[in-house]
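Structure at a glance
Below, each chain spelled out in residue letters.
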Amino acid sequence: SADVAAASKLARDETVETLFDDVSDAEAERDRRLALFGPKRKAFEVEIPLTPGLEVGMTVKLTDDRYGLSQGRRFIVLETERNAVDEIHRIVVMG
């Protein structure tokens, strides 16, 4: 969108092939992608309790009193490292 292009000099037009039949579904996916990869994205590395089934590509919600996360914010998991001994998951997220 023009708003994204104006907010970031690295913005580019992108066409994504999908199988959506409904325009509203396609628009919702567009909005989700803009929220994840738009100009105000942040990246974090956090340790959380061991979470079975957590994989790269999944969406997680982080909440913290700092970093503008007091209301929570959704991120996509880029990296994950399990430590079964200490029962923690170290994840790198962006969104």
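Refer to the preceding data block for the structure.
Cut-off values and rules
Residues numbered from 1 in each chain as written. Predicted model: local features only at pLDDT ≥ 70, side-chain atom pairs only at ≥ 80, totals over all residues. Heavy atoms only, no water. Helix = DSSP H or I, 4+ residues; strand = E, 2+ residues; numbered from the N terminus. Buried < 20%, exposed > 50% of the residue type's maximum accessible area, 1.4 Å probe, protein only. Contact = heavy atoms within 4.5 Å. Areas by Shrake-Rupley, 256 points an atom, 1.4 Å probe, with all protein chains shown as cover. Phe/Tyr/Trp six-rings, centres within 6.5 Å; stacked < 30°, edge-to-face > 60°. Pairing = 2+ DSSP bridges. Axes fitted to C-alpha atoms, helices over the stretch in contact; angles between N-to-C directions. Core = buried A, V, L, I, M, F, W, Y, C linked by side-chain atoms within 4.5 Å. Polar contact = N/O pair within 3.5 Å; in protein donor to acceptor, adjacent residues only side chain to side chain.

The helix and strand tally for the protein stands at two helices and four strands. The helix and strand sequence of the protein, counted from the amino end, reads α-α-β-β-β-β. The 95 residues of the protein split such that 19% are buried. Excluding contacts between residues fewer than 6 apart, the proportion of contacts in the protein whose partners are at least 24 apart in sequence is 48%. For the protein, the accessible area works out to roughly 7,400 Å², and carbon and sulfur atoms hold 50% of it.

On to the packing of aromatic side chains. Following the criterion strictly, the structure yields two aromatic pairs and no others. Between F44 and F75, the ring centres sit 5.6 Å apart and the planes meet at 85°, which makes this aromatic pair edge-to-face. Within this pair, whereas F44 is found in strand β1 (residues 43–49), its partner F75 is found in strand β3 (residues 73–83), the two being separated by 31 residues in sequence. One exposure class covers both F44 and F75, and it is buried. Ring pairs connect the aromatic residues F44, Y67 and F75, which therefore count as one cluster.

Quick look at the sheet that holds β3 now. Overall, antiparallel pairing links the four strands, which are arranged β1-β4-β3-β2 in an open sheet. Strands with a single pairing partner mark the edges of an open sheet, and in this sheet they are β1 and β2 (59–62). Taken pair by pair, the neighbouring strands of this sheet meet at an average axis angle of 45°, ignoring direction. Where β2 meets β3, four bridges bridge the pair, whose relative direction is antiparallel. Bridging from a neighbouring strand, K61 pairs with R74 of β3.

The subject of this paragraph is the nonpolar core. Counting nine residues, the largest nonpolar core consists of F44, L54, V60, L62, L69, F75, V77, I91 and V93. Elements represented by at least two residues in this core include exactly β2, β3 and β4 (88–94). Dropping the residues within four chain positions of it, V60 is found in contact with L54, R73, R74, F75, V77, I91 and V93.

Before going further, it helps to examine the side chain of H89. One can find H89 in strand β4. Since its relative accessible area comes to 0%, H89 is described here as buried. A polar atom in the side chain of H89 sits 3.2 Å from the backbone nitrogen of T51. In this structure, H89 is in contact with V46, E47, I48, P49, L50, T51, L54, T80, E81 and R82, ignoring residues within four places of it in sequence.

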